[in-house]
Protein chains: 2
Amino acid sequence: MINLWFWLVPVASVMALGAAYFFFRQMMKESEGTPEMARIALHVRHGALAYLKQQYKVVGTVFLCLTVLFSFLAYVLHIQNPVVPFAFLTGGIFSGLAGFIGMRTATYASARTANAARDSLNHGLRVAFRSGAVMGLVVVGLGLFDVAAWFLILTRFYPVESSLDDPLQNLVASHNLVIITTTMLTFGMGAAVQSLFARVGGGIFTKAADVGADLVGKIEAGIPEDDARNPATIADNVGDNVGDVAGMGADLYESYVGVILASAALGAAAYFGKGADVQLRAVLAPMVIGALGTLLSIIGVFLVRTREGASSKELLGALARGVNGAAVMIAVTSFGVLWAMGVPNKFGIWLALIVGLLTGIIIGRAAEHYTSQAFGPTQRIAEQSKTGPATVIIGGIGEGMMSVAIPVLAVATGISLAFYFAAGYHFDIDHIGLGLYGIGMAAVGMLSTLGITLATDAYGPIADNAGGNAEMAGLPPEVRRRTDALDALGNTTAATGKGFAIGSAALTGIALLASYVEEVKIAIGRILEKGSDFAFPDHTVLHPIASDVATLQNYNLMEMVTHFQVVLVNPKVIVGMFVGAMLAFVFSGLTMKAVGRAAGLMVDEVRRQFATMPGIMAGTQDPDYARCVSISTKAAQREMMLPAMLAIAAPVGIGLIFGVPGVLGLLAGGAVAGFSLSMFMANSGGAWDNAKKYIEEGHLGGKGSDAHKAAVIGDTVGDPFKDTAGPSLNILVKLMSMEAIVVAGVAVAVHLL
Amino acid sequence: MINLWFWLVPVASVMALGAAYFFFRQMMKESEGTPEMARIALHVRHGALAYLKQQYKVVGTVFLCLTVLFSFLAYVLHIQNPVVPFAFLTGGIFSGLAGFIGMRTATYASARTANAARDSLNHGLRVAFRSGAVMGLVVVGLGLFDVAAWFLILTRFYPVESSLDDPLQNLVASHNLVIITTTMLTFGMGAAVQSLFARVGGGIFTKAADVGADLVGKIEAGIPEDDARNPATIADNVGDNVGDVAGMGADLYESYVGVILASAALGAAAYFGKGADVQLRAVLAPMVIGALGTLLSIIGVFLVRTREGASSKELLGALARGVNGAAVMIAVTSFGVLWAMGVPNKFGIWLALIVGLLTGIIIGRAAEHYTSQAFGPTQRIAEQSKTGPATVIIGGIGEGMMSVAIPVLAVATGISLAFYFAAGYHFDIDHIGLGLYGIGMAAVGMLSTLGITLATDAYGPIADNAGGNAEMAGLPPEVRRRTDALDALGNTTAATGKGFAIGSAALTGIALLASYVEEVKIAIGRILEKGSDFAFPDHTVLHPIASDVATLQNYNLMEMVTHFQVVLVNPKVIVGMFVGAMLAFVFSGLTMKAVGRAAGLMVDEVRRQFATMPGIMAGTQDPDYARCVSISTKAAQREMMLPAMLAIAAPVGIGLIFGVPGVLGLLAGGAVAGFSLSMFMANSGGAWDNAKKYIEEGHLGGKGSDAHKAAVIGDTVGDPFKDTAGPSLNILVKLMSMEAIVVAGVAVAVHLL
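Residues numbered from 1 in each chain as written. Chains lettered and ligands numbered in written order. Predicted model: local features only at pLDDT ≥ 70, side-chain atom pairs only at ≥ 80, totals over all residues. Heavy atoms only, no water.

To continue, consider the packing of helix H10 (residues 376–384) of chain B against helix H11 (residues 389–402) of chain B. Residues and elements named next belong to chain B. For the pair H10 and H11, the least separation of the axes is 8 Å and the interaxial angle reads 160°. By the angle between their axes, H10 is roughly antiparallel relative to H11. Crossing of H10 over H11 shows right-handed handedness. Across from Pro377, Arg380, Ile381 and Gln384 in H10, the residues of H11 making contact are Thr391, Val392, Gly395, Gly396 and Glu399. Residue composition of the contact of H10 with H11, grouped by class: three nonpolar, four polar and two charged. (Axes fitted to C-alpha atoms, helices over the stretch in contact; angles between N-to-C directions. Helix = DSSP H or I, 4+ residues; strand = E, 2+ residues; numbered from the N terminus. Parallel < 35°, antiparallel > 145°, perpendicular 65-115°, else oblique. Left-handed = near helix turned anticlockwise from the far one by under 90°. Contact = heavy atoms within 4.5 Å. Nonpolar A, V, L, I, M, F, W, Y, C, P; charged D, E, K, R; others polar.)

Structural data, given as structure tokens:
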């Protein structure tokens, strides 16, 4: 009988999925509008489906290969946890499913949102936001389902019940909690691989189509964005769905699950030896806080209701009420839940959670400051468009690099304070276990209300797509203006969600360093026993290597890292760090070049169609949309392999050559350089985008001026920055950590045997 | 009586300075050409002098403040080495002097080179190369002088003579060697501060003038580069001298001295306890190898001789013969010298030296591959100019990010192999002292022939300036073509020199991490004795804290870092790393923005002159050159303060808050992120520059085509990348390490007391 609080997790999962279905049905009841609108939506839907089918084929092959490899390591060489192949697969499938459902919803919602926007801004918001809510609730619902299901399965094999009068049973339960939580971490790797492909492939697809469509359509042929005469325009809209929606869904599924699992594993390690009962509460706390946040998110989503005919200010107020309401509620109620659950050091843990929330809010606000046209940096970039594209680019890169300061200082302060509070007001390595658990819980705090923050994030691309639909279907310009307004409205609330996502990735990255050391410890035990361990023993029998795990558990984290000489002067650590930082740059370079190459192919195709099909420009002939979709699809599939393989190969390669210190160096170097690099790229890209919009709003000469032309060039450069390289980097860092944990046994085996 | 080999150091210093004076006299004998040419050269000379005067005033104030601060720490609080204020000052003065002499020579040489180029390409090369040689030989000559002088002074106070029959004297000598070498390291900080201001200030000056001149002159007014009618053109040429020449001189002086001193300190630490005699040889080895390389460089410079009327291919051959000849000679003769000196583990140390040379060559070749128009990457960027400036920028950033891979892998391999060889074929932390000494010696190998490699690097800007002089003086176009050819010729040989400079900076950065730990050890001893130590005791008396140093010396490096918990899971280390990586980005962002702002001021001024002085464009009125120089000067002085203060404040701030683990994290994070970021920026910038040149050579439509216009925008963006932010980053990393060593006592005092 697991702690009763656990059951909140499956309950929240079912409620989230149920609410998602409810919102999906509501959205589907709306009309798709004119036949032309429905026809265009069908084109986009087919294109997106065709892309995802192709993508899942390629990813499926990769998963098959990796599963075979992991099975070989686990069942033949016995150097890996035998649950890994299954956990890996489910993580991948669920992450893909989250992206798929989100994308399907978005492709159904675009014409419906455009049609609702014909009616009123409010109506448009309601449809778009509800579709975004489907995505948000599906991600957290599937995540909690996966966590709950695996925890239930594993506790059947590794009982975690403690008993007041059986110290041996307590000891076994304690060991089992460590084994279960580290095992569950491995399905994070499946999710990470899936989301890497989704982000990189989707990011290349969408920006190749976008840049290609703009370069020929807007600049050469002089037709507006999303004009139906542009052969690449359907591909561009498909791209928004497969990149921004499906990619984001897979990515955040991975983050959400990763944060919860990493914290659970850190909790099991931190309270090891303090009683299985105490330990179990620490393990369950992140899951239960996630479940609580999900329930509050559902409430928050329902709070976003306005009377018919509300002003756009009221709408924004309603959105903010939903997001902020959920954040305030989690801040307040989490203390009660931690207290009622009897989590050890509940006040410190709760403070860590609050620190996490505040850190996320600061990061989000900083990103907004550096990318919104309401503030200085973006306006300065727009100013520099007066002296041409070169100064726009220089200014955008300069501001983007500066924008790294506040998020890094926020993360540094957040790490320090979360550690300090959770470690009982200590900030030293003697309390590292408790402190790391606090860092994990801070990340859990950030992502606990993902259900609603993701809803406000995901409805932006939906509104964007609705605008494309309206443009292509030749609806009156005020419809497009309304969908643009919806998109802009969402940006304000989305900033908080983005801050949470980025901050939690950084904190989890740090927490995973410790999980890696824990896994190394377990791998040593497994190898010493040469496969007699872990083979799904009868759960009534004592775990065969319990005594060995016990010996190993006597080594604390500091002794482990000292044993492996993971010190900053060790050349293996330093080499690992150099390579990790380098990978962040090379990975970004590969994706940037991929976009450039794929956009070139798209440019050639659009030019070819304009040249050979004269009816297109006259409006008497339909362009060959499908061919452009297929070009972007093929290019994305081809181009995503090299960066993905690099990310997958690096932790194994460094582990084989330089062992544990090299791997830890790789992860740390990748995390610190990757965080700064991705913030820089994301913020530069966002600022260029909005500098262009600022000019289009009528400043500095407005649309068509030389300043505007310069700003358009900045925006085009920013596209792969903010939508391909930047977001892919976050996953690179997390994937390398997850993978290092999964294949820890390989490095250990090679360097022990 | 110090080891006889030591005397090679002052001998080489005097010979280098003598040879420099000889080449300077030879250059001065040449004619400055027409009165117009002499007049323009005078303008540039005055402008450069005015800038440097202003710069030295500002830097002098900073030095005064820091010297007062260091004196306070040393003489009042007794937490710092009392030699620091003096060593700091001499380092700064000599570094500034190296830059000043180089710049004066360059400003005398430009008109003379242009005039010689009127005669023939060969004649031009001879004048330019000899002027470059002045710079190269002054840098190494002053460096060796400084090293030799301080070593002689310090050994008078801290005798290092060992005696066969007095073990106590041996012990004292051993301790004194550690004290002397760590003390000498502190004048590296003076050089680093000086070179930071020279690089940042000079870099902002030159690119503000360059970008400003181009934006109004080339793009708006449609007049060619270096046209005398452009008011900013003199400022542009002044910029080449103060940025590329004076900045480079100060920078490489710092690198050269830093590499030798760091290796000496590592040698003293590595062989501590193995006898003062053995230790002394290890300490002298980097100095003697530097002296040997300098003598070989002088020979190399004299080898660059061709018969009258030689072809340009013969000229290139002569240059390559000089550079490669010196490299081969150092590879061969260094073994003999190490053997004759009786350096311990001479074969391993020699192999480390060779590893260093090869690493430098690989980095140089990789940089050439990624930036020369003879190879794929730059040609691909040029290709992308067909679809406009946006794709040129995306392509250049993508290729630049990819270009990080080979240098990092070369450094990683170099570190590993140099460690392995020098540690007697071990690669583990038990042999860390010997291994780090090997890494230091690899860096010494790279920079040993700096005298000649710098000569081939410095003659590029001189040829560039000569071209400017020719253009402004209205010389026939073939003169400009010849000076351009000279510039291009130099690029091939300069690549090796750049590789050595970059590689040695990375290796030294790593070696300095260990020196920091050594200095922490000494600082603890000093503080425990509360100021009774180190106060220039009578050198016949035993050093008062000898016994305490002895106790501390029993802690080896690993025990020290374990004691301070400098492990990769310590949150203080991780926070330090995050902040270090962030600083690299923020520092680059500040310098990029500074260039943007200063260029904007220049654009306004040039536009104002064109508008209010109609005679300029007609050629009847001289523009107000001095005003443009003064604008760039003021902007550079103002803009360089914030990034410089940030670099100086960070190690102190982190040390105060997070102590030793935080500082080591900061240095490591800054080094790994800074290395990748600076390689990326330098190579992107270089590739854009050459992509433009590739088109100007007649490819893709040639000069004036749309592709060319797009490539010019790429080149303008690349200017601050390659000449301001990129090179400044290397110094940022070295300055932070040097400063951490100098102020180690502060962090220790705060966290011990």
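Moving on from the model shown.
What follows deals with unusual backbone geometry. All names here are of chain B. Even without a glycine there, the phi angle at Gln565 is positive, about 55°. For Gln565, the location among the structural elements is in the loop between helix H17 (557–563) and helix H18 (571–612). Classification of Gln565 as buried rests on a relative accessible area of 18%. For Leu700, which is not a glycine, the phi torsion comes out positive at approximately 55°. Looking at the secondary structure, you find Leu700 in the loop between helix H20 (625–696) and helix H21 (706–742). (Buried < 20%, exposed > 50% of the residue type's maximum accessible area, 1.4 Å probe, protein only.)

Before going further, it helps to spend a moment on the relation of the copies chain B and chain A. When chain B is fitted onto chain A, the two copies agree to an RMSD of 0.0 Å after a turn of 180° and an axial shift of 0.0 Å. Taken together, the rotation and translation describe the operation of a two-fold axis. The position closest to the rotation axis in chain B is occupied by the C-alpha of Val567 of chain B, lying 2.2 Å away. A shared interface surface links the copies, since 100% of the contact residues of chain B are contact residues in chain A too. (Least-squares fit on C-alpha atoms with pLDDT ≥ 70 in both.)

Residue and element names in this part refer to chain A. The predicted model of chain A averages 88 in pLDDT, with 95% of residues at 70 or higher. Ignoring residues within four places in sequence, the model shows residues 531–549, a span with pLDDT below 50, making 33 contacts including any to other chains. If you check the scores for this complex, the pTM reads 0.94 and the ipTM reads 0.93. (pLDDT = per-residue confidence, 0-100.)

This part covers the nonpolar core. Membership of the largest hydrophobic core comes to 579 residues, with the highest contact counts inside it found for Phe151 and Met287 of chain A together with Phe151 and Met287 of chain B. Other than its neighbours up to four places away in sequence, Phe151 of chain B contacts Ile2, Phe6, Ile180, Met184, Leu280, Val283, Leu284 and Met287 of chain B. (Core = buried A, V, L, I, M, F, W, Y, C linked by side-chain atoms within 4.5 Å.)

This paragraph deals with the pattern of salt bridges. All names here are of chain B. Inspection of every chain in the model, using the stated rule, returns 58 salt bridges over all chains. A salt bridge links Asp210 to Lys207, with the shortest nitrogen-to-oxygen separation between them at 2.9 Å. Of this pair, Asp210 and Lys207 are both found in helix H5 (residues 167–221), three residues apart, which corresponds to roughly one turn of the helix. Since its relative accessible area comes to 8%, Asp210 is described here as buried. The residue Asp484 makes a salt bridge to Arg480 at a minimum N-O spacing of 3.2 Å. Placement of the pair is Asp484 and Arg480 together in helix H15 (residues 477–528), with a separation of four residues, close to one helical turn. Owing to a relative accessible area of 36%, Asp484 belongs among the partly exposed residues under this scheme. (Salt bridge = Lys/Arg side-chain N within 4 Å of Asp/Glu carboxyl O.)

It is worth spelling out helix H11 (residues 389–402) of chain A at this point. Taking 1.5 Å per residue as the helical rise, H11 of chain A with its 14 residues ought to reach 20 Å, and the 20 Å between its terminal C-alpha atoms agrees with that figure. H11 of chain A sits mainly inside the fold: 14 of its 14 residues count as buried. (Expected span 1.5 Å × (residues − 1).)

This brings us to the interface of chain B and chain A. In this complex, chain B contributes 78 residues to the contact, which on the side of chain A involves 78 residues. Summing both sides of the interface, chain B and chain A together bury roughly 6800 Å²; the carbon and sulfur share of this comes to 86%. Inspection of the region where chain B meets chain A yields six residue pairs in polar contact (both at pLDDT 80 or more). Elements supplying a minimum of two residues to the side of chain B that touches chain A: H10, H11, helix H12 (405–422), H15, H17, H18, H20 and H21 of chain B. Top contributing element to the side of chain B that touches chain A by residue count: H18 of chain B, with 20 residues. Split into classes, the residues belonging to the side of chain B that touches chain A amount to 57 nonpolar, 15 polar and six charged. (Buried area = accessible area lost by both parts, 1.4 Å probe. Polar contact = N/O pair within 3.5 Å; in protein donor to acceptor, adjacent residues only side chain to side chain.)

Another aspect to go through is the side chain of Thr391 of chain B. Its place among the elements puts Thr391 of chain B in helix H11. Setting aside anything within four residues of it in sequence, one finds Thr391 of chain B in contact with Leu215 of chain A together with Gln384 of chain B.

This next bit is on the packing of aromatic side chains. All names here are of chain B. One pass over the structure, following the stated rule, counts 49 aromatic pairs over all chains. Taking 6.3 Å as the distance between ring centres and 75° as the angle between the ring planes, the aromatic pair formed by Phe24 and Tyr108 counts as edge-to-face. Of this pair, Phe24 sits in helix H1 (residues 8–29) while Tyr108 is found in helix H3 (residues 84–119), placing the two residues 84 residues apart along the sequence. Of the two residues, Phe24 and Tyr108, neither departs from the other in class, the shared state being buried. On the numbers, 5.9 Å between centres and 85° between planes, the contact of Phe680 with Phe721 is edge-to-face. Placement of the pair is Phe680 in helix H20 and Phe721 in helix H21, with a sequence separation of 41 residues. The same class applies to Phe680 and to Phe721, which are both buried. (Phe/Tyr/Trp six-rings, centres within 6.5 Å; stacked < 30°, edge-to-face > 60°.)

Attention now goes to H12 of chain B. All names here are of chain B. Taking 1.5 Å of rise per residue, the 18 residues of H12 would be expected to cover 26 Å, and the 26 Å separating its terminal C-alpha atoms lies within 8% of that figure. Taking burial as the measure, the 18 residues of H12 include 13 buried ones, the bulk of the element. Gly424 sits one or two residues past H12 and shows a positive phi near 65°.

Residue and element names in this part refer to chain A. Inspection of the secondary structure assignment puts Gln194 in helix H5 (residues 167–221). Accessibility expressed as a relative area gives 6% for Gln194, which makes it buried. In terms of polar contacts, Gln194 uses its side chain to reach the backbone carbonyl oxygen of Gly92, at 3.0 Å. Sequence-distant contacts of Gln194, that is, excluding residues within four places in its chain, are made with Tyr56, Val59, Phe63, Gly92, Ser95 and Gly96.

This paragraph deals with the packing of H10 of chain B against H20 of chain B. Residue and element names in this part refer to chain B. Their axes nearest at 8 Å, the elements H10 and H20 cross at an angle of 65°. On the basis of their axis angle, the class for H10 and H20 is roughly perpendicular. Considering only the axes of H10 and H20, their crossing is right-handed. When H10 is examined against H20, the residues Thr378, Gln379, Ile381 and Ala382 are found in contact with a partner set consisting of Ala687, Trp688, Asn690, Ala691, Tyr694 and Ile695.

Take the environment of Thr456 of chain B next. All names here are of chain B. The topology assignment puts Thr456 in helix H14 (residues 450–472). On the accessibility criterion, Thr456 (1% relative accessible area) is buried. A distance of 2.7 Å separates the side chain of Thr456 from the backbone oxygen of Thr453, its partner in a polar contact.

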